[in-house]
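Here is how the chains run, residue by residue.
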Amino acid sequence: MKKWMSLLLCLIVILSTLAGCSGDGESSGGGNSASGGTSQTGEESQASVPSGETKTITISVFDRGTTTEEFGSVTENRYVDWINETFGAPNNINVEFYAIPRSEEVNKLNALMASREAPDLVFTYTDSVYYNFAKQGGLAALDDAIANYGPNITANLAECLPYGQYEGVQYAVYAKRAARDITGHYIRKDWCDKLGIELRTDENGFYTMNIDELYDALVQFRDADVDQTGQQIFAMGMSGSGNQTRSVTGIRDAFMDAANITDEQIACEPEFLWAGVKEGFRWLNKCYNEGLMDPDYGTQADTTRKIEYVTANRTGYWTDDSWWQVNVGAGLEALHENNPDAEVVALKLENVYGEMMQQNYPPTAIICMVPVFSEVVNETVMYMDFLADYDNDKVLRYGFEGENYTLVDGIPTDINLDYQNLSDYALMYNGDPDETINNATVVASLPDFTKTIREQNLQIGIIGGYTPYPFGQEIVAQTNYQTDLDAKQAELYVNSIMASPDAFDSTWDSYVQEWLNIGGQEMIDEKKAVY
């Protein structure tokens, strides 16, 4: 009897060992599965394919309410089918999509994570949301999965990967951003021509002014009413307090004294504490008090009045987003319809101290994560790697060649998308990963009146660019105080610009000190300790 029991126990051990060696055991989770290949972009894009039963992964996708009946829903359409045929079937993976209302991105994600019902791939545009999940242990570590199943991620998103590390662990993959420019300067060239104001061109053909030349032009704009509107001219366009940052960023940047701004300051301090910036706001204060901008701009909530003044020929210069009002049906097209002789051009405003500095976007965009409770971490990373392949991205950005677009000199043209937000599926890149192609397709989609403006701003806007520093962990004081600090910064900007000239210094210094006292100094100190 003992002999039979011994044989039975041996048989059980052998069967258990064989079951543990099956392919299914290495397909899921974040373990150290063997890597099978290192090819990228357009060839064999996956490492060794996990074997075993078919696994299902669920991927988040924005629902913007813009699909058509012909296209289908965001969860069921020809591109979802293409993904399953091209990626899913060869890898024994079924890909399903979970719709997230765009307007509910953060709230919906928080609710799904809290209930442990989130899809296997979730995303956010908000760093603090990511850091909070990572800090609370809500995300799967992706280091091993990327090493084993992410050759395209490793090769093509190398610049972005450090941003997805939290305390040294890769908990997220940040998408790569194509266009990095933020700020543009716009001026009415036809007004300059009629008033005899010279717009110099630099070696790249960009129209250029220094700050004194701009001031002189603004004074002439104010006094001339070039288009004979019969109304007061506000030479410099300003957005209301809710959007005013972009109305002052271009001037602020032009006064940055790069030689006296350290890398640590760029990483840890707000721009208004940097050398030279206070003088930029003094210049804006001078313009305000000399009637060069709308005296009531600070009481307005948004950009509505600014757009009205631009389209009604009452404003001749403004600084704002480098893509501000350039699209079909937007403000600059409306200006051209109202006044076909109006000519707006992009302007490069020279830095007061010589070396240009401009705020740029980081090389990152949407943040992709895998919840810690996902049972298909490797398969989800494989899907992200599929998206990081340039050829696959092209399909999910432009559709199918010959049907949705034609290639001319390697650039997609005559683009006719099945779904205007198709690129919501192209999660690894914000814009075409090829900068030349991205810029060309962006410009091609614009009205003729604004094509050159956007094309030049894409180039001007990255001269001397600086980007946020990736701390790789939560800055607690920033999480705690950011809302109040942003509000106080807005007060600093509008009140210092609208102060009387003799009260500028006291107003500026008072608001800066208040900003430091309500958590700003604590945030700076914490950042410096981490930096």
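Everything below is about the structure shown above.
Novice: Please explain the sheet that holds strand β9 (residues 207–209) as it appears in this structure.
Specialist: Pairing between the strands of a sheet is mediated by backbone hydrogen bonds and can be parallel or antiparallel. The five strands are arranged β8-β9-β11-β7-β10 in an open sheet whose pairing can be described as mixed. The open sheet is flanked by β8 (200–201) and β10 (317–321), the only strands paired with a single partner. Sheet topology places strand β7 (residues 183–188) next to β10; five bridges connect them, and they run antiparallel. Within β10, the position partnered with H185 by the bridge is T319. Running at roughly 95 degrees to β9, helix α8 (residues 211–224) makes contact with β7, β8, β9, β10 and β11 (344–349) of the sheet.

Novice: Got a minute to help me understand empty space enclosed by the protein in this structure?
Specialist: Using a probe with the size of a water molecule, rolled over the atoms, empty space left in the structure can be pinpointed. For the structure on display, the rule yields four cavities of 30 Å³ or more. Its volume calculated, the largest cavity comes out at about 60 Å³. H185, G250, D253, A254, L349, N351, M356, M357 and Q358 together form the lining of the largest cavity. The dominant element in the lining of the largest cavity, judged by the number of residues it contributes, is helix α9 (residues 244–254), at three residues. Here the lining of the largest cavity is built from residues that sort into four nonpolar, four polar and one charged.

Novice: Even after reading the chapter, I still don't get the packing of aromatic side chains, so can you show me in this structure?
Specialist: Where two aromatic rings form a pair, the distance of their centres and the angle of their planes describe that pair. Counted according to the given criterion, the structure contains 30 aromatic pairs. Aromatic rings pair up to connect F71, Y79, W82, F87, Y383, F386, F400 and Y419 into one cluster. Of note, K286 hangs over the ring of Y215, and the distance from its end group to the ring centre comes to 4.1 Å.

Novice: I tried to follow the sheet that holds strand β16 (residues 429–430) on my own but got confused; where do I start?
Specialist: Pairing is mixed in the open sheet, where four strands are placed in the order β3-β13-β6-β16. The sheet terminates laterally at β3 (122–124) and β16, the two strands that pair on one side only. Pairing analysis gives three bridges linking β3 to strand β13 (residues 364–369), with the strands arranged antiparallel. Directly across from F123, in β13, lies its bridge partner C368.

How each quantity is defined
Residues numbered from 1 in each chain as written. Predicted model: local features only at pLDDT ≥ 70, side-chain atom pairs only at ≥ 80, totals over all residues. Heavy atoms only, no water. Pairing = 2+ DSSP bridges. Helix = DSSP H or I, 4+ residues; strand = E, 2+ residues; numbered from the N terminus. Contact = heavy atoms within 4.5 Å. Axes fitted to C-alpha atoms, helices over the stretch in contact; angles between N-to-C directions. 1 Å grid on protein atoms, 1.4 Å probe; cavity = no way out; pocket = protein on both sides within 12 Å on 5 of 7 lines; lining within 4 Å. Points joined across faces, edges and corners; volume = space filled by probe spheres on them. Nonpolar A, V, L, I, M, F, W, Y, C, P; charged D, E, K, R; others polar. Phe/Tyr/Trp six-rings, centres within 6.5 Å; stacked < 30°, edge-to-face > 60°. Lys NZ or Arg CZ within 6 Å of the ring centre and 35° of its normal.

Structural measurements only, silent on function.
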